[in-house]
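Architecture at a glance
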Amino acid sequence: MARFLNLPYIFEDPERERPFTREMEEAALLLLADSRRRKPAIFMSKPEDIGFISKLGYPLWAIPWDGRCVIVDGLDLVSSKAVYTRIPDVGVFTEDLKGNRTSLSGYFKALERHKRTFGEFTPSLEVKLEAIIGERVLSEMASIIKHGINVMRRWSRTGEKEADVIPIPPMIDVNEAIKKVETLTDVWRRTQSNIAALKYAAKVLEEEKEHHKGKLRREISQIEDSYKPRIDQLKVQVKRRVKELTKERENEIRKIKSRSERRLKSLLREEERLERAIRRAEESLGRYVRSRRSLKRRRTKRESYLNAKITEYKSRISSLREELEDVRRTIRKIRLEAERRIQAVERRYQGAIEQEALKLRRAEASMRRLVDEKLEEIRKLEESAREINSQIRGLMERVNRDIKVIDAKIMPWRIREPVGIRLPFYLVQYKSQKGERYEVYPPMVVEGVRGFAKRISRALLSFTLESRITKLIHPVSEVLDRELFERFSKALESSQPLREASRRCGIEHNLLESDIFRQDITKGLEMLRNEGWITDREINTTIERYV
C-alpha cells in the first residue's frame, strides 16, 4: 500500500505578515471563480452559474529510483523523451586489437580498419517516456514537494491540518507507474552499458598500444645493447689505428723533409757561394767603372785595360747569375717536389683516418637508423591510437549528454517505496443554457500584505475585483500551470472518461453544498476585507449569492 503526500495549495510570500488561512483561500477562490463567470450579453439571456467548486488532487506517483525518485503522471497526460545513442560493436573492435597482440603489422592494420569505426555518425534513437514528468516541470515540482514536506512537518508540530484533497482517480495505478519507469530504467541501463563499453574500448586501445610500445622499446634496447659494445670496441680500435696512422704519417713526412734537406744543403751552400762571388764581381766591376770615369786622358792603354776588365767582369757576373738561377731553380724544384710528396702523404693518411672514422660513423648510423625506425613506429602507433581515442571520447560525450537528459528527469528525493502525491487544485464547473465548461485553478502563491494590498487601499475603485484577486493569489509556477494543468484542462474537453471522473468527483465534493465551506467563506471574506482586498459591497454580493 503506497503512502500519500498531500501538498499544500497555497505558498505564502516570505514578506507576508499574517498567515493566509484556509478560510481566506476558499473565499479568494470563490471570488476569482465568480469574477470569471460569463455575464449576460446580447446573445446570452442568462449568465453562467457555478455548478460546483471542488478542491481536488492531481494524482502523481513518486517511484524510487537508485536512491532518488521519478515522478509519474497519474493521469498519463504528460510525457517526456530520452535519447539513446547507438554505438558501434565494441566487441569486434577490442577482439580485433587483442587478436593482433603478437603482430605489430597486424595491429597497425587493425587500427587502420577501425580508424572510422567510432568517427562515423551514429544516429540517436529518441525514446518516448510515457507519463514520466520531464525536466521543465520536475525542477518546479522539486521545490513544491520540498515546500510541501516542510509544511507537513510544521503541521505535525502545530496540529494544523490541510483541508481534505479529493484525488481524481488515477488512470495509472502504482504498478503501472513502476512499469512506466522501467522504460526510463532500460534507457538508463543501455546508456550506462554504452559508457562502460566505450570506456572498455578506450582501455583496451590504451593497453594494446602500451603493449606494442613496450615491445618496440624493448627492441630499441636490444638494438642498443647489440650495437653499443661493438661501437665501444670500434671506438678503441679506431682511436688506436688513427694514432698509428698519425705516427706513420709524421714519420714519412719527416723522411721526405730529411731527404729534401740533405739535397738542399749543398745547393744552398752553392747558392750562397755564387751570391758572394756575384757580390765580389760587382764590387770589382764598380771599381773599374769608377777608375775609367776618373781618367783624364782618353784612348790610352789604361782605358783599354779598364774596358777589358769591365767587359770581363760583366761576362763573369752574367755567367754567375745564370749559375745562381740554375741553382735556385733546382732548390725550388726540390722544395716543390717535397711539398707535393708531403701533401700526397697527408692526403693518403687523412683518407685512411677518415676511413677508420667512417667505420665508426657507419656503425653508429646503422644503430640510429634501426632505433629511428622503431621510434617512427611508436609515433605512428601513438598518432593512430590518439585519433581513435579522440573519436571514442567524442562518442562518450554524446552518451554522457544522453545520461544528463535522463538525470534531469530524476528528482533528488530519497524514498524507499512508492509515494502517491496529490497536487491540489480547484476545479470549477460553469453551467449555462449552452452547456457546461470547466476551469482549473492550480496551486497559488499569495502576495505579501505590505505590498499590493496597501496600494489597493489607496485606489481601490481603479481595480476590478478579478485583477485584485489575481494580484493577491497567482499560480505558483507558470511552467507547472502550462505543462500540467493546461494539459489537464484540454484533456477535460477531449477525454470523456477523464471529464466524467472529474465531474463525478466535483459533484460529490462540491464545496458550495458544504455548511462548513459557507461558514469559512463568511469568515474569509471578512479577513480579505480587513487586509484591504475587497469592499463591503463585494462581501454582501458574494454572501447573498453563495451563502
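**Focus on helix H9 (residues 478–494)**
Taking 1.5 Å per residue as the helical rise, H9 with its 17 residues ought to reach 24 Å, and the 23 Å between its terminal C-alpha atoms agrees with that figure. Taking the largest bend as the criterion, H9 deviates by roughly 30°, centred on Phe485. Listed in full, the buried residues belonging to H9 are Val479, Leu480, Glu483, Leu484, Phe485, Phe488, Ala491 and Leu492. Its side-chain oxygen placed 3.3 Å from the backbone nitrogen of Val479, Ser477 serves as the N-cap of H9.

**Thoughts on the packing of aromatic side chains**
Scanning the entire structure with this criterion turns up eleven aromatic pairs. Geometrically, the ring pair formed by Tyr9 and Tyr426 is edge-to-face, given 4.9 Å between the ring centres and 85° between the ring planes. Placement of Tyr9 in the loop between strand E1 (3–6) and strand E2 (10–12) and of Tyr426 in strand E8 (residues 419–432) is noted, with a sequence separation of 417 residues between them. For Tyr9, a relative accessible area of 0% corresponds to the buried category. For the ring pair Tyr58 and Phe485, a centre distance of 5.8 Å and an interplane angle of 75° mean the geometry is edge-to-face. With Tyr58 in strand E3 (residues 49–65) and Phe485 in helix H9, this pair connects stretches of sequence that are 427 residues apart. Each residue in the set Tyr58, Phe425, Phe485 and Phe488 is aromatic and connected to the rest through ring pairs, giving one cluster. Lying across the ring of Tyr227, Arg230 places its NZ or CZ 4.6 Å from the centre. One Lys or Arg, Arg316, reaches over the ring of Tyr313 and ends 4.8 Å from the middle of that ring.

**A closer look at the sheet that holds E2**
With mixed pairing, the three strands of this open sheet are ordered in space as E2-E10-E11. Every interior strand has two partners, whereas the edge strands, E2 and strand E11 (473–475), have only one. Averaged over all adjacent pairs, the angle separating strand axes in this sheet is 35°, with direction ignored. With three bridges connecting them, strand E10 (residues 444–446) and E11 associate as antiparallel partners.

**What to know about the pairing of strand E9 (residues 435–441)**
Most of E9 sits inside the fold, with five of its seven residues counted as buried. Between the end of E8 and the start of E9, which pair antiparallel, lie two residues.

**Re unusual backbone geometry**
Where the residue is not glycine, phi is negative for most of them; where a peptide bond is considered, it is trans in most cases. Positive phi outside glycine occurs at Asp66, with the angle close to 50°. Summarising the element assignment, Asp66 is placed in the loop between E3 and strand E4 (68–73). Judged by its relative accessible area of 60%, Asp66 is exposed. With a phi close to 55°, Asp76 is a non-glycine residue in the positive phi region.

The rules behind each value
- Residues numbered from 1 in each chain as written.
- Predicted model: local features only at pLDDT ≥ 70, side-chain atom pairs only at ≥ 80, totals over all residues.
- Heavy atoms only, no water.
- Helix = DSSP H or I, 4+ residues; strand = E, 2+ residues; numbered from the N terminus.
- Expected span 1.5 Å × (residues − 1).
- Bend = angle between axes of the 7 residues up to and from the residue.
- Buried < 20%, exposed > 50% of the residue type's maximum accessible area, 1.4 Å probe, protein only.
- Polar contact = N/O pair within 3.5 Å; in protein donor to acceptor, adjacent residues only side chain to side chain.
- Phe/Tyr/Trp six-rings, centres within 6.5 Å; stacked < 30°, edge-to-face > 60°.
- Lys NZ or Arg CZ within 6 Å of the ring centre and 35° of its normal.
- Pairing = 2+ DSSP bridges.
- Axes fitted to C-alpha atoms, helices over the stretch in contact; angles between N-to-C directions.

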